[in-house]
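Listed here are the chains, written in short residue letters.
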There are 2 protein chains.
Amino acid sequence: MLAPVFPMNLIEQEVSADRWIDIPEEVLHILYRWRPSPLKRAVYLEEYLKTPARIYYKDESYSPPGSHKPNTAVAQAWYNKQFGIEKLTTETGAGQWGSALAFACNLLGLECKVFMVRISFDQKPFRKTMMQVWGANCIASPSTQTNAGRKVLEEMPDTPGSLGIAISEAIEEAVTDKSGKTRYSLGSVLNHVLLHQTIIGLEAKKQLEIAGEKLPDVVIGCAGGGSNFAGLAFPFTLDKIHGADIQIMPTEPVACPTMTRAPFAYDFGDTACTTPLLAMYTLGHAFIPPPIHAGGLRYHGMAPLVCQCIIEGLFEPRSFHQLKCYESALTWAQTEGAICAPETSHAVAAAIDEAVKAKEEGKEKVILFNYSGHGLMDLTGYDAFLSGELCDYSLPDEDLEKFTAELASLPKAEMRKSGKW
Amino acid sequence: MLAPVFPMNLIEQEVSADRWIDIPEEVLHILYRWRPSPLKRAVYLEEYLKTPARIYYKDESYSPPGSHKPNTAVAQAWYNKQFGIEKLTTETGAGQWGSALAFACNLLGLECKVFMVRISFDQKPFRKTMMQVWGANCIASPSTQTNAGRKVLEEMPDTPGSLGIAISEAIEEAVTDKSGKTRYSLGSVLNHVLLHQTIIGLEAKKQLEIAGEKLPDVVIGCAGGGSNFAGLAFPFTLDKIHGADIQIMPTEPVACPTMTRAPFAYDFGDTACTTPLLAMYTLGHAFIPPPIHAGGLRYHGMAPLVCQCIIEGLFEPRSFHQLKCYESALTWAQTEGAICAPETSHAVAAAIDEAVKAKEEGKEKVILFNYSGHGLMDLTGYDAFLSGELCDYSLPDEDLEKFTAELASLPKAEMRKSGKW
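These lines cover the structure that appears in this document, whether it is placed above or below. (Residues numbered from 1 in each chain as written. Chains lettered and ligands numbered in written order. Predicted model: local features only at pLDDT ≥ 70, side-chain atom pairs only at ≥ 80, totals over all residues. Heavy atoms only, no water.)

Overview of the overall build of chain A
The condition that has to hold: Each helix is a run of DSSP H or I of at least 4 residues and each strand a run of E of at least 2, with the numbering of both proceeding from the N terminus. With a 1.4 Å probe rolled over the protein chains alone, any residue whose accessible area is under 20% of its type maximum counts as buried; one over 50% counts as exposed, and the rest are partly exposed. Any two residues having at least one pair of non-hydrogen atoms within 4.5 Å are treated as being in contact. Note that accessible areas follow from Shrake-Rupley with a 1.4 Å probe, and for residues the cover is restricted to the protein chains shown. Counted charges follow a simple rule, with Lys and Arg positive, Asp and Glu negative, and His plus the chain ends left uncounted. Working definition for charges: the position is that of NZ of Lys, CZ of Arg, CG of Asp or CD of Glu.
For chain A, the count of helices and strands is 19 helices and 12 strands. Oriented by its inertia axes, the alpha-carbon framework of chain A measures out at about 60 × 50 × 45 Å. Across the 421 residues of chain A, 66% fall into the buried class. For chain A, the share of sequence-separated contacts (at least 6 apart) that also reach a separation of at least 24 residues comes to 75%. For chain A, the exposed area adds up to about 15200 Å²; of that, 53% sits on carbon and sulfur atoms. If the 38 positive side-chain charges of chain A are averaged to one point and the 50 negative ones to another, these points end up 2 Å apart.

Overview of the relation of the copies chain B and chain A
Both copies of the chain are placed relative to one another by a rotation about an axis and a shift along it. To keep it simple, the criterion reads: Copies are brought into register by a least-squares superposition over C-alpha atoms of residues with pLDDT of at least 70 in both.
Superposing chain B onto chain A requires a rotation of 180° together with a translation of 0.0 Å along the rotation axis, leaving an RMSD of 0.0 Å. Here the transformation between the copies is reduced to the relation of a two-fold axis. Residue by residue, 100% of the interface of chain B is reproduced at the interface of chain A, so both copies engage with the same surface.

Quick notes on the sheet that holds strand β2 (residues 54-59) of chain A
All names here are of chain A. We count it as follows: By the convention used here, strands pair only if DSSP detects at least 2 bridges between them. In this analysis an axis means a line fitted to C-alpha atoms, helices contributing only their contacting stretch, and an angle means the value between N-to-C directions, from 0 to 180 degrees.
Strand order across the open sheet formed by six strands is β1-β2-β12-β7-β8-β11, with mixed pairing between neighbours. Each edge of the open sheet is held by one strand with a lone partner, namely β1 (39-41) and β11 (318-320). Across this sheet, the average inter-strand angle for adjacent strands is 25°, counted without regard to direction. When strand β7 (residues 218-222) meets strand β12 (residues 366-371), the two strands line up parallel, connected through three bridges. The partner of valine 219 across the bridge, within β12, is leucine 368. Sheet strands touched by helix α11 (residues 199-210): β1, β2 and β12. Its angle to β2, the strand with the most contacts, is close to 135°.

What to know about the pattern of salt bridges
It is possible for side chains of opposite charge to pair when their charged atoms get near one another. To keep things clear, this is the line we draw: By salt bridge we mean one thing: a side-chain nitrogen of Lys or Arg within 4 Å of a carboxyl oxygen of Asp or Glu.
Enumeration over the complete set of coordinates arrives at 36 salt bridges over all chains. When the shortest N-O distance is used, the salt bridge between lysine 365 of chain A and glutamate 361 of chain A registers 3.5 Å. Across the salt bridge formed by lysine 363 of chain B and glutamate 361 of chain B, the nearest N and O atoms sit 3.8 Å from each other.

A few points about the sheet that holds strand β7 (residues 218-222) of chain B
Residue and element names in this part refer to chain B. Spatially, the six strands line up as an open sheet ordered β1-β2-β12-β7-β8-β11, and their pairing is mixed. The open sheet has two edge strands, β1 (39-41) and β11 (318-320), and neither has a second partner. Averaged over neighbouring strand pairs, the angle between their axes works out to 25° when direction is ignored. By the bridge criterion, five bridges tie β7 to strand β8 (residues 247-253) in an arrangement that is parallel.

Side note on the pairing of β12 of chain A
Residue and element names in this part refer to chain A. For β12, a buried count of six out of six residues is recorded, marking the element as mostly surrounded by other parts of the structure. Residues Val366, Leu368 and Asn370 point to one face of β12 and Ile367, Phe369 and Tyr371 to the other, with burial holding for every one of them. Two elements, β2 and β12, share six bridges in a ladder whose sense is parallel. Paired with lysine 58 across the strands is asparagine 370, a residue of β12.

Structural notes on the packing of helix α11 (residues 199-210) of chain B against helix α12 (residues 227-241) of chain B
All names here are of chain B. For clarity, the threshold we go by: By the definition adopted for this analysis, an angle is roughly parallel if under 35 degrees, roughly antiparallel if over 145, roughly perpendicular if from 65 to 115, and oblique otherwise. In this count, Pro and Cys sit with the nonpolar residues alongside Ala, Val, Leu, Ile, Met, Phe, Trp and Tyr, while Asp, Glu, Lys and Arg are called charged and the others, Gly among them, polar.
At a minimum axis distance of 7 Å, the contact between α11 and α12 shows a crossing angle of 60°. Taken as axis vectors, α11 and α12 run oblique relative to one another. Contacts between α11 and α12 pair Ile200, Gly201, Leu202, Ala204, Lys205 and Leu208 from the former with Asn228, Gly231, Leu232, Pro235, Phe236 and Asp239 from the latter. The residue inventory of the contact of α11 with α12, partitioned by class, reads seven nonpolar, three polar and two charged.

This is the structure:
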């Protein structure tokens, strides 16, 4: 089923049962442009919080597109090229993923077309320019260029768009290319994407050792589709399975509470119901989250591998309100100096909470979080926050019920109860 | 004369005849947040150009504000604080300097007010947000908050502004504070600013050695006021004086040809004629350059120390058109991956020219340039370039004559002829 969408070599990775899959030499060579990413200690934040905790963060903002996304973009572009593919399509929320794929396609000589969620397209026009600088074609979604896009526009002409809709458009553009030289590329959720990101956690482990630390006590990452979180967390999850006492914490917006409030069910990955069903916590494929600035966290589902770990009690998801996240981001900028992405602020908020807790408990905890990207392209949100124009959003129970009601009628919905798939 | 404007400890640096002035331990401690900045080799650009030259660049974009400017901002904020100053005022063109001073003042607990040249304020709204994130107050110049600003607005209500005007406003705001706790801070031009930036060249020298290189054959930096260029070039200039064969090249826009076409004369540093006279190449303090996107290179004058070296034949200035610079920046982004500031593109263009020349000559030259800042906040210019909306500007001879005509009537204008001061 996946063959028209992805190249077979990536599908083989998607379903592989191997514990280790080596990074091809050529991919490594490209990743060396900015990797290993630095592991830093947030000494100034520690000082400010007067916490006994030692706060480390893996700085993924060092890649040219400014986030962890190129780790998988480069790998995917390379595997597609190996398979003879000449053009990749994708969707993007905040623009981090789209620009990462544009960057990777430019390096590997592939054509690239990006459907960008309209609200982000409008809020972050410079991400579009960034993609164009790297030679990609970026358009707002829903667009009039696909059936999926036209259908949504007809029903909801003023929609802010969603990742689900944009995914439908990008997949349609790929599978309808009769030359067979176009495939779709997904920036998160799937197994092979999470696999490519584990370089983050593997590096962090070695770097913590160099810094004289053993295993961390707390591992934190924000999770929209789950890939930056899983990239850092999975290598430590194995330690936890083997008995290490590690608290592993994916964080999400209260406005889009996939892990903290949604049912576990089989659902489509996109709004137009074109993907195979995925077993995951899901707010329903028709869910359109409120316009929070953390565009990368506005997805209705979550990586199945992350969900399974939650079910097995390995992860403890948390949700945070937008205003608290921006407050944390401001504290971060004024102590550590750097300006983080609104998505990343959901990890910063949790790290601050945990550091304060360590202070209250008088414990010398080691906190590690993924600094998934910088916020230099996302200053619209900071401006709105500083001007007092932002608000918090909660999802009313009745809306949650409405959006998830039809999940029960999907095939294999009974799997939800067993928590196995 | 300088005492109401700068603290005495910085004035002492400005007029110091010492060859070396140590960096205070506390300043170093803050610079360690991002220094030493990486020295990188542009292997992908070399490959693309098929040049025998080895192209190195000092990556100053790694600081949180994204440029070399914090090197002096931190030092200046620290010396002001030592002197009991509680608030700094400044001007900013592209916004790089304003955000650097906001960053430094935030770290050292000083108040900060920034007058931003209106055209940049409008073109780069996110720089303002960045300054606000670090707690600074940023307003468009000319403003109605100073006599200097009001006077300009009366005469030219639609002016895009200029660095000269903004300097006048910032100085007025500082010297009219009756508490005596406010001073002005300049991001370039002056001796102490250039001194603070020499950490760039000193680091580069050691890093080149680690990379197995001797002295570079060509040293390049873009020059608006001259500080990033001088910061890299001065440590190598000493080698050149001692006989080393190094070509040292400050680069500027054809639209604002201070070093390549302007007369050497005493002139004011600002439009309102409030600064002491500086001996420099100058287009006249009333010069308002065309609205090129490299806002940091739109200054009528040039650091006196840089000018003196040009007169003594140590430096070979070059000028580049805007379109060629953006083409070079695009080549850079598509080979090396990163997106450079429009100012920096004037160094990239020269580095590419020199690498092509080395190829034509079949010479294995070592080219070193200063990558003064990233362009992530400057994508408006890239967008305009990609949309074909940008053009080149040349300064007609009659305009050059008009703007520089009154220089002869300024006191000490005769010094121009001797080239000594």
